[in-house]
Amino acid sequence: MAADLHLEGGRVTPGRIFIYTLLVLVALYYLAPLYVMLTTSVKTLDQIREGNLLDFPLSPTTAAWAKAWSTACTGVRCEGLAPYFWNSVQMVIPAVLISSLIGSLNGYVLAHWRFPGHNVVFTALMVGCFIPFQVVILPMARLLGMADLANTTTGLVLVHIIYGIAFTTLFFRNYYVTVPDELVNAARIDGAGFFTIYRRIIFPLSLPIFMVCFIWQFTQIWNDFLFGVVFGGADAQPVTVALNNLVNTSTGVTEYNVNMAAAIIAALPTLAIYLVAGKYFVRGLTAGAVKG
Amino acid sequence: MSVTPLFSARRPRAPAAPVAGKPAANDSSAKPPVRPGSRLGALADAWLPRLVLSPTIIASLVFVYGFIALTAYLSLTESRMMPNFEFAGFGQYERLFDLERWWVAAANLGIFGGLFILFCLAIGLSMAILLDQRIRHEGALRAIYLYPMALSFIVTGAAWKWILNPGLGLEKMMHDWGFTNFTFDWLVDPDMAIYTVVIAGVWQSSGFVMALFLAGLRGVDDSIIKAAMVDGASLPTIYRRIVIPSLRPVFFSVLLVLSHIAIKSFDLVMALTAGGPGTSSDVPAIFMYQFSFTRGQLGLGAASAMMMLATVLAVLVPLMYLETKGARHGR
């Protein structure tokens, strides 16, 4: 909005003090859980029991982190989050790369090689962004079972690619329609074919949207729980499922410091990406927010 | 960042003046220029795009439409532990509607969805308007408001489960500060547990709503506002009468996204309350998961999944209709 709309901008007025106070208070509200998670994860259980939520850790220790990473019990197994963290890594990398590449090619076709009915096809594909996945998991579970892919990382990768394509296609198509048709048509007159145009013109222009798409897909797939818990089985469980099992284990004393360390470990990759490439993350959110 | 209609098949483009001697670029019926002297090339150009798109189309037909049809059919069978493909009518739906637990879940979705959307909208819009007042360090504040969106709902649930822990978390902190009568045991109170899900959900998603509204505010036409200021309108009036009404398309997008998050919310409830105490904070997504995968009631699970789909359609279709209609009439 207009800069000159706010006449008092810059000067200190009661109104502006009020606004800043409110904004800072809200910022503290958003930051508080992160602070609590971080401090709790380095506290001892004794301090957790005696002190309170906002206390600063008296004798910080990384013991809870070590336990969360390698010996904490998630359900019946007590190997910490590490194996599940690597499951997630193995799942997320191929799923992100493949779904982005397919989305890029699809978006290129839908934006520049329109054929009769391309709008119908586009709309039909987009439905994949909107369905609650509960409505497809029963047949999917059976299909993965029949294909011997149930409880495997490969199966999870497949599922994430299939249900991620609608989104990646949406991203790339909306980006590629901003590439002028004239550019593509001129190349066609010069004799360039479908893939030549993609390789020489479209792909080199695509770095920003690939970034958005990678980050979006990475966040979605890393943070997924439903597919992980249904199709992950015991061996391919992603880290979100392991974290849930850890936090909800009801046997013995609940070690809140270990729980919080585990929660941060599970959140670390997406938080790191947010810190490093927040700009692209926000663009992904605003462009493809529907998958949420 | 700008807010475009999330779900638009139209090509947003400036009305380009046709270049003399060139086919109008935005006429999609114009024949693509043929590669000189290459009929094979022309043939390839006609079919390659469709060939590239076809795996996706097939996957969508099978894994989206086909699977929805299969789930629909499954909900009309007697399937329990194993799928049974004998048609049995609407018995599963009758059983579903006779289950009190289903209605608890549906009512919880109503409570959670309603409050979640309301608070996210109110907080998101207020924060966006405040941030729009030429705030110093706006970027840093925005980043702080938005980071929860990078976390998974499981992490959010775990964090809030600890903070809301009666006896150790917030409650103990208030006791230590001298408010000894303070009690906050919603997490274990069957009547209140669903509201803790609202607290955590709003914490996670309101910053994102703020980002969408802020993007919308930045797109508001300055000249109308200046005109209103010349007419002597106050800032609150300008926001109420001009700026907020012009955010209509953003409201649609936000509602679309939030209702979608609410209806499918599963992870957050799982991590925070696991539907408990008892089944008091159950939601349809958890109902569906438990009946399908831990109770061996596939038919009933399928029926509840179809009801979730119906809810999504009942909310999204009118919203999308209104959004596209608004767009067509120039908003």
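Chain A carries the name Sugar ABC transporter permease in an unreviewed UniProt entry, which gives Pseudoduganella armeniaca as its organism. A UniProt comment under Sequence similarities (unreviewed entry) is attached to chain A, and it reads "Belongs to the binding-protein-dependent transport system permease family." Quoted verbatim from the Subcellular location (unreviewed entry) heading of the UniProt record, the comment on chain A is "Cell membrane".

1. Considering the overall build of chain A
Helix and strand counts for chain A stand at 13 helices and zero strands. Along chain A, helices and strands appear, N-terminal first, in the series α-α-α-α-α-α-α-α-α-α-α-α-α. Taking 2.2 N^0.38 as the reference for a compact globule, 292 residues should give roughly 19 Å; the C-alpha atoms of chain A span a radius of gyration of 24 Å, well beyond that estimate. Principal axes of the C-alpha set define a box for chain A whose edges measure 75 × 70 × 30 Å. Put simply, chain A has 292 residues, and 58% of those count as buried. Long-range contacts, defined as pairs at least 24 residues apart, comprise 71% of the intrachain contacts of chain A with a sequence gap of at least 6.

2. Things to note about the pattern of salt bridges
Residues and elements named next belong to chain A. All chains considered together, the criterion is met by nine salt bridges over all chains. A salt bridge links R77 to E79; the nearest nitrogen and oxygen atoms lie 2.7 Å apart. Classification of R77 by relative accessible area gives partly exposed; the value is 30%. Exposure remark for E79: the relative accessible area of 34% places this residue in the partly exposed category.

3. Overview of empty space enclosed by the protein
Counted under the stated rule, the structure contains two cavities of 30 Å³ or more. Of the pockets and cavities examined, the second largest cavity occupies roughly 100 Å³. Lining the second largest cavity are L125, G128, I162, Y163, I165 and A166 of chain A together with T56, A59, S60 and V64 of chain B. For the lining of the second largest cavity, the secondary structure elements donating two or more residues are α5 (118-130) and α7 (153-176) of chain A together with α1 (39-74) of chain B. When its residues are assigned to classes, the lining of the second largest cavity shows seven nonpolar, three polar and no charged.

4. A look at the packing of aromatic side chains
According to the stated counting rule, one finds 42 aromatic pairs over all chains in the structure shown. Each residue in the set Y108, W113, F172, Y175, Y176, F194, F195, Y198, F203, F210 and F214 of chain A is aromatic and connected to the rest through ring pairs, giving one cluster. Above the ring of F122 of chain A, the side-chain terminus of R173 of chain A is found at 4.5 Å from the ring centroid. The lysine or arginine in question, R50 of chain B, covers the ring of W47 of chain B, its NZ or CZ lying 4.7 Å from the ring centre.

5. Side note on the nonpolar core
Side chains of a nonpolar character, in soluble globular proteins, are inclined to be buried together. Core analysis: the largest hydrophobic core is formed by 201 residues, its most contacted members being Y163 of chain A together with Y145 of chain B. Looking at which element gives the most residues to this core, the answer is helix α13 (residues 256-288) of chain A, with 17 residues.

6. Things to note about the packing of helix α4 (residues 138-146) of chain B against helix α7 (residues 193-218) of chain B
All names here are of chain B. It is at 7 Å that the axes of α4 and α7 come closest, and there the two elements cross at 140°. Between α4 and α7, the interaxial angle falls into the category oblique. Across the interface between the two elements, E138, R142, Y145 and L146 from α4 touch G207, F208, M210, A211, L214 and R218 from α7. Split by residue class, the contact of α4 with α7 holds six nonpolar, one polar and three charged.

7. Here we look at the confidence of the model for chain B
Residues and elements named next belong to chain B. Confidence along chain B averages 83 in pLDDT terms, with 87% of residues attaining 70 or more. The secondary structure element of chain B with the lowest average pLDDT is helix α6 (residues 170-176), at 81, and the one with the highest is helix α3 (residues 100-131), at 95. Ignoring residues within four places in sequence, the model shows residues 1-30, a span with pLDDT below 50, making 46 contacts including any to other chains.

8. Re the interface of chain A and chain B
One frequently used descriptor of interface size is the decrease in accessible area upon assembly of the parts. Contact residues are listed per partner, giving 106 residues for chain A and 114 residues for chain B. Between chain A and chain B lies a buried interface of about 10100 Å² when both sides are counted; carbon and sulfur atoms form 72% of it. Counting every contact that joins chain A to chain B gives zero salt bridges. The interface formed by chain A and chain B includes 22 residue pairs in polar contact (both at pLDDT 80 or more). No other element matches helix α1 (residues 14-41) of chain A, which puts 15 residues into the side of chain A that touches chain B. Here the residues of the side of chain A that touches chain B are counted per class, giving 74 nonpolar, 21 polar and eleven charged.

9. Some remarks on the packing of helix α4 (residues 82-112) of chain A against helix α9 (residues 194-202) of chain A
Residues and elements named next belong to chain A. Between α4 and α9, whose axes approach to 12 Å, the crossing angle comes to 105°. Between α4 and α9, the angle is such that the two are roughly perpendicular. Of the residues in α9, those touching α4 at L101, S104, L105, Y108, V109 and H112 are F194, F195, I197, Y198 and I202. For the contact of α4 with α9, the per-class residue count stands at nine nonpolar, two polar and no charged.

10. Considering the environment of S281 of chain B
Residues and elements named next belong to chain B. Locating S281 in the fold gives a position in the loop between α11 (267-272) and α12 (284-294). A relative accessible area of 0% places S281 in the buried class. For the pair formed by S281 and F291, sequence separation is ten residues and the distance between their alpha carbons is 16 Å. Apart from residues no more than four positions distant in its own chain, S281 is found in contact with N108, A193, I194, V269, T273, G275 and G276. At a separation of 2.7 Å, a polar atom in the side chain of S281 contacts the side chain of T273.

11. A word on helix α12 (residues 239-247) of chain A
Within α12 of chain A, eight of the nine residues are buried, leaving the element largely enclosed by the surrounding structure. Listing the buried residues of α12 of chain A in full gives V239, T240, V241, A242, L243, N244, L246 and V247 of chain A.

Analysis parameters
- Residues numbered from 1 in each chain as written.
- Chains lettered and ligands numbered in written order.
- Predicted model: local features only at pLDDT ≥ 70, side-chain atom pairs only at ≥ 80, totals over all residues.
- Heavy atoms only, no water.
- UniProt positions renumbered as here; feature names shortened; annotations may be inferred.
- Helix = DSSP H or I, 4+ residues; strand = E, 2+ residues; numbered from the N terminus.
- Rg over C-alpha atoms; globule rule 2.2 N^0.38 Å.
- Buried < 20%, exposed > 50% of the residue type's maximum accessible area, 1.4 Å probe, protein only.
- Contact = heavy atoms within 4.5 Å.
- Salt bridge = Lys/Arg side-chain N within 4 Å of Asp/Glu carboxyl O.
- 1 Å grid on protein atoms, 1.4 Å probe; cavity = no way out; pocket = protein on both sides within 12 Å on 5 of 7 lines; lining within 4 Å.
- Points joined across faces, edges and corners; volume = space filled by probe spheres on them.
- Nonpolar A, V, L, I, M, F, W, Y, C, P; charged D, E, K, R; others polar.
- Phe/Tyr/Trp six-rings, centres within 6.5 Å; stacked < 30°, edge-to-face > 60°.
- Lys NZ or Arg CZ within 6 Å of the ring centre and 35° of its normal.
- Core = buried A, V, L, I, M, F, W, Y, C linked by side-chain atoms within 4.5 Å.
- Axes fitted to C-alpha atoms, helices over the stretch in contact; angles between N-to-C directions.
- Parallel < 35°, antiparallel > 145°, perpendicular 65-115°, else oblique.
- pLDDT = per-residue confidence, 0-100.
- Buried area = accessible area lost by both parts, 1.4 Å probe.
- Polar contact = N/O pair within 3.5 Å; in protein donor to acceptor, adjacent residues only side chain to side chain.

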